[in-house]
Amino acid sequence: MGNLGECSSSKREVFLEAQGLLKTYGPTTAVNHLDIKIYKGEVLALIGGNGAGKSTLTKLLAGIVQSDQGSISIEGEEMNLDKYSPAVARKKGIRVVHQELSLCRNLTVYENFYTEQFQRFDKKSFDWRKRAKELAKEALDNVFPNHGINVNAGLSTLSIAQQQMVEIARATNDPDVKMLVLDEPTSSLPAEQTNQLQEYIKKSASTGIAYIYISHRLKEVMFLADHIYIMQNGSEKYQCPICHTSEEDMVMRMGDGVVKVNKDNTIVSVDFPINENVSVKFNNYSTNKLKNVNNQMYGGEIIALTGLEGNGQLELLQEVFFQAGKNVQGVKVNGKAAYVAGDRKKEGIFPLWSIAENTVISNISDGPLFKIFSAKFIDEIVDKWNGRLKTKCNSSEDLITSLSGGNQQKVLIARAMCVDADIILLDDPTRGVDVGTKLELYEVFRNAAKEGKLVIWRTSDDAELEYCTRLCVLNRGSIVGEFGHEELEHSSILKLAFQQSEKKQETKEIKEVKKAKEHKLYMFSLISMILLYSICGILSPAVFQKFGFELLAVGFTPFIFAALAQTFIIGLGHIDLGIGGFMGLINVVCATVLDQNTGLGILLLISLLMVYSSMGLIIYWRGIPPIIVTLGMSFVWVGTAYVLQDVPGGHVPEWMVKFFSFKNPVAEGIILWLVFSIAAAILFYRSRYGTVLRGFGNNETSMINSGWSKAKAYWATYLVAGLFAMMGGFAQSAITGASDVNASATYTMLTVAAVIIGGGHFSGGIVTHIGAVFGGISLTMISVLLGLMKVSTDFTATIQGLVLILILSLKLIRKEEHKQ
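For the structure given in this document, a descriptive report is provided here. No experiment lies behind these values; they were computed from the predicted model shown.

Conventions used here
Residues numbered from 1 in each chain as written. Predicted model: local features only at pLDDT ≥ 70, side-chain atom pairs only at ≥ 80, totals over all residues. Heavy atoms only, no water. Helix = DSSP H or I, 4+ residues; strand = E, 2+ residues; numbered from the N terminus. Rg over C-alpha atoms; globule rule 2.2 N^0.38 Å. Buried < 20%, exposed > 50% of the residue type's maximum accessible area, 1.4 Å probe, protein only. Contact = heavy atoms within 4.5 Å. Lys, Arg positive; Asp, Glu negative; His and termini not counted. Charge placed at Lys NZ, Arg CZ, Asp CG, Glu CD. Pairing = 2+ DSSP bridges. Right-handed = clockwise from strand over helix to strand, strands pointing away. Salt bridge = Lys/Arg side-chain N within 4 Å of Asp/Glu carboxyl O. Core = buried A, V, L, I, M, F, W, Y, C linked by side-chain atoms within 4.5 Å. Expected span 1.5 Å × (residues − 1). Arc of directions from axis to C-beta. Axes fitted to C-alpha atoms, helices over the stretch in contact; angles between N-to-C directions. Phe/Tyr/Trp six-rings, centres within 6.5 Å; stacked < 30°, edge-to-face > 60°. Patch = residues over 30% accessible without salt bridge, like charges linked within 9 Å, V, L, I, M, F, W, Y side chains within 5 Å. Areas by Shrake-Rupley, 256 points an atom, 1.4 Å probe, with all protein chains shown as cover.

Re the overall build of the protein
Alright, step 1. What the protein contains, in helices and strands, is 29 helices and 19 strands.
Alright, step 2. Taking 2.2 N^0.38 as the reference for a compact globule, 820 residues should give roughly 28 Å; the C-alpha atoms of the protein span a radius of gyration of 30 Å, in line with that estimate.
Alright, step 3. Its C-alpha atoms give the protein principal-axis dimensions of roughly 90 × 70 × 55 Å.
Alright, step 4. Residues classed as buried in the protein amount to 54% of the 820 residues present.
Alright, step 5. Across the protein, contacts joining residues at least 24 apart in sequence account for 72% of those joining residues at least 6 apart.
Alright, step 6. Here the protein holds 79 positive side-chain charges and 80 negative ones, and the gap between their average locations is 4 Å.

Listed below in structure tokens is the structure:
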């Protein structure tokens, strides 16, 4: 162990001390009885190979996972590890920027700042959005000057680099932060933003903030760190002041031996024979993102694509992949292409599949549809590339999500290499990979080019440009410069990359705002509703009259209440398969118990609402899938209704009928209640806590790490949904004056359809209440239209299903157009 005090004569003050930390996952020991100290105002570089335990250690220190053994003391106060959580760590001033981005992609940039720093907002203030926008812009400007990010933009519209900038900025802007953990913070950042972040860290560390800096980029470590701490197999391997080590020393200590490279860590030869049988030829090729691309690339080359983020590098890679084997004017791809995605979570891994399945999926897709691949064949491929890339895992049958980020990246590279493609397309392939593995991957890519393959490589690490035979600089979708291996001049590259960049950033920001305004999720449901209503009006002009309109509106009101309720549930990423049964039970209670004994009826309705909301807590506490809980409860709702009333009938209290049918000069009272409820639903989802619930629907891990309660979010969602479903039951009772538990039996699946037609996503986080309303009315209008056309009701469900498929197909087509 090195002497941590030799390089500095100043007195050092411990911020955090951990002793004997142990964390195991089954047979795997991720952190093994580890001791570590973090000092105020210092940058500790935490380094080690993939799977060394670095990310797990930071999660232990931040309270994200609980340590099995050991102790953690912060500023001299020992923490109770049983109660040590992200919320407690935040109160102590600890913040983490994770390697895998922990943002909510369905929220805007400023909404992500609010969910992370909600403690800084006045609870009584109504201008929280304005404050959040100011906070987001201030934070981004502070760390990344001239960032070009529009804080009103949806996070999903940003590039990975911009998302990483948002993640870093919102962590650094917390005024209470005392220790900041940065896990591979520059893995996706361009050179300019990397330099800006490094300068910020140096500046803020001088004010007393402690840093844990995890990176495989050793030049950054040498520039930033005061001390290094090397981990291997979950244990401390070595630590020392930065002045006692070097890049070569760190590489040697992290590995099991010496990696043979030249002095500047580059492979000497990158010149290989050209293979003209493998090629990519662009001839004045243009798309929405590429403009007049002219270039010829051949086997035997390693071609780097560089430039400012978002200038067409990724689009060029993707065009090569998608146009391979096709006859497209302007581009000719000769050879089979394989692609390694840069965003491994979104485009790379299959999270529910094993390591082996993720590795061989490309081999399987190349084979005949019903070809059977033997276990021996699969094992040989997986073992070969696991060994070659040194992927650290217990078994290839383990889920790929059990691996560290770097090891997941190795699996994706193995997938591309094992199909024996002629053209290897690499989107930042060494992101999150340790130094030793990087050098091994460089050798893999070099050997591929030596064998006559073409390697096209987009990289965010300028140091990797040295490994390429040729470099293409892209600016605004065009190749504006080209350099050979011996001609690389970083000043010339930067000059070409920054040409007219300010104008481009401004144009991009304007386009993002315009796109956010124009692209409404509910447009298809609105168009469908208007079209169906118009057709009904043509067949029966009375539909266009006030009486006809009100008659239709009163009829679909209960169903729209149900659709609003389902919108909240689907927004959380759940589905309620008992919502129709619950509404039926409310209808029965209103026509029986409430009519006979008002006090008892009200008490029973409140109790039912509490039971409904408790489904969220059951799902949270027991970890039971929502679909199972709600399906089971559907039988409870219907069974209870039959106990109270086994046949349709009963009598709804007159006061309830009058309450929902109050006289007014505008429209039927029940329609106004529906309008008020729709407005309330929209306003609630736009509120502070509504924003939090949307965040839980997209990335609940991020929300929990930000200090929000998952149990409260689940309970609140089901409570609000229960209120709207109960309103639907009340409306049904007021309209009919009696009860029938089966009257709303079909609502369950139709509400799901209404939400999806209205722009909702089954995965959660993205729903629109107004879209669900339009979708629900559209489905109702189908039944009306069939009645006007004198089509038997036996065909209603079938035709509704066909219309749903048609609308969803049109939505998908429109989605693809927006991608382009």
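Still more to cover.
Overview of the pairing of strand E7 (residues 179-183)
Alright, step 1. With five of five residues buried, E7 is to be regarded as a mostly interior element.
Alright, step 2. With burial as the criterion, each face of E7 is covered, one bearing Met179, Val181 and Asp183 and the other bearing Leu180 and Leu182.
Alright, step 3. Of the pairings in the sheet, the one linking strand E6 (residues 94-97) to E7 comprises four bridges and is parallel in character. Note on E7: the bridge partner recorded for Ile94 is Met179.
Alright, step 4. Taking the sense of rotation as the criterion, the β-α-β connection linking E7, helix H6 (residues 191-205) and strand E8 (residues 210-214) turns out right-handed.

What to know about the pattern of salt bridges
Proximity of charged atoms lets side chains of opposite charge pair with each other.
Alright, step 1. Considering all chains together, one arrives at 22 salt bridges under this definition.
Alright, step 2. Taking the shortest distance from any N to any O, the salt bridge between Glu301 and Arg470 comes out at 2.9 Å. Linking Glu301 in the loop between strand E12 (293-299) and strand E13 (302-306) with Arg470 in strand E18 (residues 470-475), this pair joins segments that are 169 residues apart in sequence. Comparing Glu301 with Arg470, the two get one shared label, buried.
Alright, step 3. Close ionic contact of Lys710 with Glu700 constitutes a salt bridge, the shortest N to O distance being 2.9 Å. Within this pair, whereas Lys710 is found in helix H26 (residues 710-736), its partner Glu700 is found in helix H25 (residues 688-705), the two being separated by ten residues in sequence.
Alright, step 4. With a relative accessible area of 22%, Lys710 lands in the partly exposed category.
Alright, step 5. A relative accessible area of 25% places Glu700 in the partly exposed class.

Remarks on the nonpolar core
Alright, step 1. Residues Val109, Val166, Tyr211 and Tyr612 are the most contacted members of the largest nonpolar core, which totals 127 residues.
Alright, step 2. Looking at which element gives the most residues to this core, the answer is helix H18 (residues 546-571), with 14 residues.
Alright, step 3. Apart from the residues lying within four places of it in its own chain, the contact partners of Val166 are Leu103, Val109, Phe113, Leu140, Ile149, Leu155 and Leu158.
Alright, step 4. With 43 residues, the next largest nonpolar core counts Ile302, Ala416, Tyr467 and Phe483 among its residues.

Thoughts on helix H22 (residues 626-644)
Alright, step 1. For H22, spanning 19 residues, the distance from its first C-alpha to its last is 27 Å, which sits close to the expected 27 Å at 1.5 Å a residue.
Alright, step 2. Every buried residue of H22 is listed here: Pro626, Val629, Thr630, Met633, Ser634, Trp637 and Ala641. Mapping the buried residues of H22 onto a view down its axis gives an arc of 145 degrees, with all of them on the same face. The outward face of H22, more than 90 degrees from its buried face, is lined by the exposed residues Phe635 and Val643.
Alright, step 3. Buried residues belonging to H22 abut helix H19 (579-591), helix H21 (598-622) and H26.

Some remarks on the sheet that holds strand E5 (residues 77-78)
Alright, step 1. Taken in spatial order, the four strands make up an open sheet running E2-E1-E4-E5, and their pairing is antiparallel. Whereas interior strands pair on both sides, the edge strands pair on one side only; in this sheet they are strand E2 (28-39) and E5.
Alright, step 2. When strand E4 (residues 69-74) meets E5, the two strands line up antiparallel, connected through two bridges. Bridging across to E5, Ser73 finds its partner in Glu78.
Alright, step 3. Seen against the sheet, helix H1 (residues 54-61) touches strand E1 (14-25), E2 and E4 and runs at an angle of roughly 120 degrees to E1.

Observations regarding the packing of aromatic side chains
How two aromatic rings sit relative to each other is set out by the distance from centre to centre and by the angle between their planes.
Alright, step 1. Overall, the coordinates contain 28 aromatic pairs when judged by the stated rule.
Alright, step 2. A ring pair is formed by Phe350 and Trp353, whose centres lie 4.3 Å apart and whose planes are at 20 degrees; its orientation type is stacked.
Alright, step 3. Of the residues examined, Trp353 reaches a relative accessible area of 30% and is grouped as partly exposed.
Alright, step 4. Taking 3.9 Å as the distance between ring centres and 35 degrees as the angle between the ring planes, the aromatic pair formed by Tyr442 and Tyr467 counts as tilted. With Tyr442 in helix H14 (residues 435-450) and Tyr467 in the loop between strand E17 (454-458) and E18, the pair connects residues that are 25 residues apart, well separated along the chain.

Notes on helix H9 (residues 313-323)
Residue pairs spaced three or four apart in an α-helix point in one direction, given the helix's 3.6 residues per turn.
Alright, step 1. All of the buried residues along H9 are Gln313, Glu315, Leu316, Leu317, Glu319, Val320 and Gln323.
Alright, step 2. Directly after H9, the chain includes Gly325, whose backbone phi takes a positive value near 80 degrees.

Topic: a negative patch on the surface
Alright, step 1. A grouping of Glu357, Asp379, Glu380, Asp383 and Glu397 is seen on the molecular surface, where their side chains present a negatively charged patch.
Alright, step 2. A per-element tally of the negative patch places helix H12 (residues 375-389) first, with three residues.
Alright, step 3. Counting through the fold element by element, Asp379 comes out in helix H12.

As for the environment of Ile228
Alright, step 1. When you line up the elements, Ile228 lands in strand E9 (residues 227-232).
Alright, step 2. On the basis of relative accessibility, which here comes to 0%, the residue Ile228 falls in the buried class.
Alright, step 3. Sequence separation between Ile228 and Ile242 is 14 residues; the distance between their C-alpha atoms is 6.1 Å.
Alright, step 4. Discounting chain neighbours no more than four positions away, the residues touching Ile228 are Leu44, Ala45, Val221, Tyr238, Gln239, Cys240, Ile242, Thr245 and Met250.

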